[in-house]
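Listed below, chain by chain, are the residues.
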Amino acid sequence: MSDTNTSLSHSTFFLGRFATYIGERFPGHIALLYSVLFSLCVLVFTDTSVTGGDFVSAPFIIVTATIFLFFVRLRLVDEIKDYRYDSQYHSERPVTRGILRLTEIKYLILITLVLEFIFQLGNTYAGIITYGIFLLYSYFMYKEFYRKSFFSQHLLAGLLAHQFIFMLATLFALSTMQQRLPELDPNFFIFILFMFAPPFMFELGRKLEHRKDDRGENTDDTYIFRWGLVSSFLFLMIISFIQGTALTYLLGDRYYFGLAYNGVLVLTIIWFLKSRFVVSKTAKYWSVLLALLGMALYVVNKIGI
């Protein structure tokens, strides 16, 4: 009888449990804002004559929805990959607490994939081909490229391998917006770097603070633990300057906005030198703000606001 009641509880209140999970593990508002900005950046890069309200189109919706759903899927897949580790060190997390079962997580991944596929029905051949490459690479990410032991020992290699998917995401978006494969000119590669940086900054920023296990000890699933605070912060700044430098180039005559952005990065370094532990504890917030700011500056300047 008890098992029956538990089963009924899990099925009846799934939406409530899922809402709890999302509230604790997935910043949906940030993912949605990033997805919209991502699509806007691609749109103005492919059509710099955009000046007003003609933003919402089928390609724009396809790209925005696909990128957002990918973030959802990435979060869910990580729950499966990290379950054994979290069971040992992070019993406070919703999946290890039993808020969602692994079986339910797998069904949610399947639903997310189906939704991604549905959006591709309105895509062109170029968009579908590059989406297929993007999807296949995400599968290899889930499998840790069949080199889990190697990447666990070589954190930087694993980080770069995982973040590379956002270059493929940009290739998919460009192909979808232009309805053809993009030309491989200098502007393309600079733009790829510019779009590569923001999610990299998100990833580094959210692991610039120590995490605690059930005994209150620091766990080894952060960059600050593996590399130390100074090295982790400097790496984050390098990626941020890549975004700022690419922004300066892409803005052309309005390059001074890119220089101003780099100036904000210099101020961040000064802030770190004065209050490094405050910078560490707040990195998950300011790294996101900086990344989104760079993207917003690009869009605003390109549409002439």
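Owing to the predicted nature of the structure, the values given are computational and were not obtained by experimental measurement. (Residues numbered from 1 in each chain as written. Predicted model: local features only at pLDDT ≥ 70, side-chain atom pairs only at ≥ 80, totals over all residues. Heavy atoms only, no water.)

1. Focus: the overall build of the protein chain
The helix and strand tally for the protein chain stands at 15 helices and zero strands. The C-alpha extent of the protein chain, read off along each of the three principal axes, is 70 × 50 × 35 Å. A burial count over the protein chain gives 48% of its 305 residues as buried. By sequence separation, contacts in the protein chain at least 24 residues apart represent 75% of the contacts at least 6 residues apart. (Helix = DSSP H or I, 4+ residues; strand = E, 2+ residues; numbered from the N terminus. Buried < 20%, exposed > 50% of the residue type's maximum accessible area, 1.4 Å probe, protein only. Contact = heavy atoms within 4.5 Å.)

2. Observations regarding the pattern of salt bridges
One pass over the structure, following the stated rule, counts 15 salt bridges. The residue E79 makes a salt bridge to R75 at a minimum N-O spacing of 3.4 Å. Placement of both E79 and R75 in helix α4 (residues 58-81) is noted, with a separation of four residues, approximately one turn of the helix. With its nearest N and O atoms 3.5 Å apart, the salt bridge here joins R215 to D213. The buried category is assigned to D213, whose relative accessible area is 8%. (Salt bridge = Lys/Arg side-chain N within 4 Å of Asp/Glu carboxyl O.)

3. Looking at a nonpolar patch on the surface
There is a patch of nonpolar side chains on the surface, built from Y107, L110, I111, V114, L115, I118 and L121 and spanning about 720 Å² of accessible area. Following the sequence through the fold, I111 ends up in helix α6 (residues 102-120). (Patch = residues over 30% accessible without salt bridge, like charges linked within 9 Å, V, L, I, M, F, W, Y side chains within 5 Å. Areas by Shrake-Rupley, 256 points an atom, 1.4 Å probe, with all protein chains shown as cover.)

4. Things to note about the confidence of the model for the protein chain
In the predicted model, the protein chain carries a mean pLDDT of 90, and the fraction of residues at 70 or more is 93%. Here helix α1 (residues 2-12) stands out as the element of the protein chain with the lowest mean pLDDT, 45, in contrast to helix α13 (residues 229-250), whose mean of 97 is the highest. Counting interchain partners and residues more than four positions distant, the pLDDT-below-50 stretch residues 1-9 has three contacts. Within the model, the stretch residues 48-53 combines pLDDT values under 50 with six contacts to residues more than four positions away or in other chains. (pLDDT = per-residue confidence, 0-100.)

5. Considerations on the packing of α4 against helix α7 (residues 125-142)
When two helices pack together, you describe them by how their axes are tilted relative to each other and by the distance separating the axes. Axis separation between α4 and α7 bottoms out at 11 Å; the angle between their running directions is 15 degrees. In terms of orientation, α4 and α7 fall into the roughly parallel class. As α4 packs across α7, the resulting crossing turns out to be right-handed. When α4 is examined against α7, the residues T66, F70, R73, L74, V77, I80 and K81 are found in contact with a partner set consisting of Y131, F134, L135, S138, M141 and Y142. (Axes fitted to C-alpha atoms, helices over the stretch in contact; angles between N-to-C directions. Parallel < 35°, antiparallel > 145°, perpendicular 65-115°, else oblique. Left-handed = near helix turned anticlockwise from the far one by under 90°.)

6. Comments concerning the packing of aromatic side chains
Counted according to the given criterion, the structure contains 35 aromatic pairs. Taken together, a centroid distance of 5.5 Å and an interplanar angle of 75 degrees make the contact between Y34 and F202 edge-to-face. Within this pair, whereas Y34 is found in helix α3 (residues 28-46), its partner F202 is found in helix α11 (residues 186-206), the two being separated by 168 residues in sequence. The class of F202 is buried, set by a relative accessible area of 13%. Seen in terms of ring centroids, F200 and F235 are 5.5 Å apart; in terms of plane orientation they differ by 85 degrees. Their pairing is edge-to-face. Of this pair, F200 sits in helix α11 while F235 sits in helix α13, and the two are 35 residues apart along the sequence. Under the relative-accessibility criterion, F200 is labelled buried at 0%. (Phe/Tyr/Trp six-rings, centres within 6.5 Å; stacked < 30°, edge-to-face > 60°.)

7. Examining the side chain of D86
Relative to the elements of secondary structure, D86 occurs in helix α5 (residues 83-89). Ignoring anything within four residues of it in the chain, the contact list for D86 reads R25, E79, S91, R93 and T96.

8. What about unusual backbone geometry?
One non-glycine residue, F145, lies in positive phi territory at about 55 degrees. Its location among the elements puts F145 in the loop between α7 and α8 (148-153). Even without being a glycine, Q179 presents a positive backbone phi close to 60 degrees. Inspection of the secondary structure assignment puts Q179 in the loop between α10 (165-178) and α11.

9. Here's the deal with α11
Note on helix geometry: an α-helix contains 3.6 residues per turn, so any two residues three or four positions apart are oriented the same way. An ideal rise of 1.5 Å per residue puts 30 Å on 21 residues; α11 measures up with 31 Å between its terminal C-alpha atoms. For α11, the buried fraction is high: 15 of the 21 residues fall into the buried class. (Expected span 1.5 Å × (residues − 1).)

10. Let's talk about the side chain of R211
On the secondary structure map, R211 appears in the loop between α11 and α12 (223-227). There is a polar contact of 3.3 Å between the side chain of R211 and the side chain of D221. Once residues within four sequence positions are removed from consideration, R211 is found in contact with H90, R93, R206, E217, N218, T219, D221 and T222. (Polar contact = N/O pair within 3.5 Å; in protein donor to acceptor, adjacent residues only side chain to side chain.)

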